[in-house]
Amino acid sequence: MKEREAIFDRYKQGSEWAEKNRGDTGAIDKARELVEESLITAARYHHSEGRNIKKEAEALAKMGDATAEARWKKARSEYGFAAIAYDKYIERFPHSAQFYDLLFSLAECYFWSGNYEKATAGFARVRDTNAGEKHRADAAYNVTLAIDRRIEQLIAQKKMESRAHPQQTKDGKALEGGPGPDPIPDIVMDGVKARDLFATIVPKSERVPTVWYFAAEWFYKYKNFDEARRRFEMIATQHPTTVEAENSAKLIIESYRLVGNWGAGEEWARKLLAMQV
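In this text the structure is predicted, and so the values were computed from the model without any measurement.

## Looking at the overall build of the protein chain
Next, step 1: Helix and strand counts for the protein chain stand at twelve helices and zero strands.
Next, step 2: If you list the helices and strands of the protein chain from N to C, you get α-α-α-α-α-α-α-α-α-α-α-α.
Next, step 3: Counting over 277 residues, the protein chain shows a buried share of 44%.
Next, step 4: Counting contacts in the protein chain only where the partners sit at least 6 residues apart, residues at least 24 apart contribute 62% of the total.

## Observations concerning unusual backbone geometry
Next, step 1: In this structure, the amide linkage connecting Gly 180 to the following residue, Pro 181, adopts the cis form with an omega of -5°.
Next, step 2: Inspection of the secondary structure assignment puts Pro 181 in the loop between helix H7 (136-156) and helix H8 (186-201).
Next, step 3: In the Ramachandran plot, Lys 158 falls in the positive-phi region, its phi being about 60° despite a non-glycine side chain.
Next, step 4: Here Lys 158 is to be found in the loop between H7 and H8.
Next, step 5: Look at Lys 158 and you get exposed, because its relative accessible area is 74%.
Next, step 6: One non-glycine residue, Lys 223, lies in positive phi territory at about 65°.

## Details of helix H11 (residues 243-258)
Next, step 1: Between its first and last C-alpha, H11 extends 22 Å over 16 residues, near the 22 Å set by a 1.5 Å rise per residue.
Next, step 2: Residues of H11 that are buried: Glu 244, Ala 245, Ser 248, Ala 249, Leu 251, Ile 252, Ser 255, Tyr 256 and Leu 258.
Next, step 3: Just past H11, the residue Gly 260 takes up positive phi, approximately 80°.

## Let's talk about the pattern of salt bridges
Next, step 1: The final tally for this structure, using the stated rule, is 19 salt bridges.
Next, step 2: Across the pair Glu 56 and Arg 71 runs a salt bridge whose closest N-O atoms are separated by 3.1 Å. Of the two residues, Glu 56 is situated in helix H3 (residues 25-62) and Arg 71 in helix H4 (residues 68-92); the sequence distance between them amounts to 15 residues.
Next, step 3: For Glu 56, a relative accessible area of 36% corresponds to the partly exposed category.
Next, step 4: Accessibility expressed as a relative area gives 25% for Arg 71, which makes it partly exposed.

## Overview of the packing of aromatic side chains
Next, step 1: Evaluated as defined, the whole model comprises eleven aromatic pairs.
Next, step 2: Clustering of aromatic rings is evident, with ring pairs tying together Tyr 213, Phe 214, Tyr 220, Phe 225 and Phe 232.
Next, step 3: Taking NZ or CZ as reference, Lys 221 lies 4.9 Å from the ring centre of Trp 218, over its face.
Next, step 4: Sitting over the face of the ring of Tyr 256, Arg 229 holds its NZ or CZ atom 3.8 Å from the ring centroid.

## Some thoughts on the environment of Glu 176
Next, step 1: For Glu 176, the location among the structural elements is in the loop between H7 and H8.
Next, step 2: Linking Glu 176 and Pro 166, residues ten residues apart in sequence, is a C-alpha distance of 7.0 Å.

## A short note on the side chain of Ser 105
Next, step 1: Relative to the assigned elements, Ser 105 resides in helix H5 (residues 99-113).
Next, step 2: By relative accessible area, Ser 105 is classed as buried at 14%.
Next, step 3: Sequence-distant contacts of Ser 105, defined by excluding residues within four places in its chain, comprise His 47 and Tyr 86.

Reading the values: rules and limits
- Residues numbered from 1 in each chain as written.
- Predicted model: local features only at pLDDT ≥ 70, side-chain atom pairs only at ≥ 80, totals over all residues.
- Heavy atoms only, no water.
- Helix = DSSP H or I, 4+ residues; strand = E, 2+ residues; numbered from the N terminus.
- Buried < 20%, exposed > 50% of the residue type's maximum accessible area, 1.4 Å probe, protein only.
- Contact = heavy atoms within 4.5 Å.
- Expected span 1.5 Å × (residues − 1).
- Salt bridge = Lys/Arg side-chain N within 4 Å of Asp/Glu carboxyl O.
- Phe/Tyr/Trp six-rings, centres within 6.5 Å; stacked < 30°, edge-to-face > 60°.
- Lys NZ or Arg CZ within 6 Å of the ring centre and 35° of its normal.

Laid out in structure tokens, this is it:
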């Protein structure tokens, strides 16, 4: 990797070599080809290594092997090297015929290297670009995954509060932590918006009920019951045969129980029974 980086630095625009050979189009073309080949070879090598070591780490983890974490660390490192090379290639050769596919590869490498912030931006770029369609659905879904992983990171770093389903106080007269709705962090709302956009881009995907459910559940966790119920109802009515519809129905009824509105809860139970959810 260091040797290939040296080639890139030697021949990049503004380098001493580039200034000396500014008028030599033949030398410039050869240097360009060398840099392009060097970067894409490095990127693909480290990307492949990352994938292979990741598979090995997953297999070791299933067996309970203590060396799995060390292999995961190595895999993340290889993905990181691949991301560096892909990023430099895309910056240097934005008009390459491979540009669109490499954008997706770059985002994937950011994700598996553990850089979920850049992975989010990378997959969103693929999702939103007009350069191609092949990766749009996967990129739209992967944005939601990258945001989820970033939230997990922030919680682990104690930079964000973990949220569970609301509970009543011991006397059953109120909700723990207050009635709500509680403020929803921006990153959570980013995840909700990404899920809504995925469902818009791929409305017939089998992932839609799950994607919608997790978005609705965030509102439920932050005690925004009105919005949570609206979204849960959408799942129950549009995807009534799914597990997500069943879970949505339960949380609609539970949300009314939590606030002591038994009448509305019973009404919804009858409605859902009629819908055969």
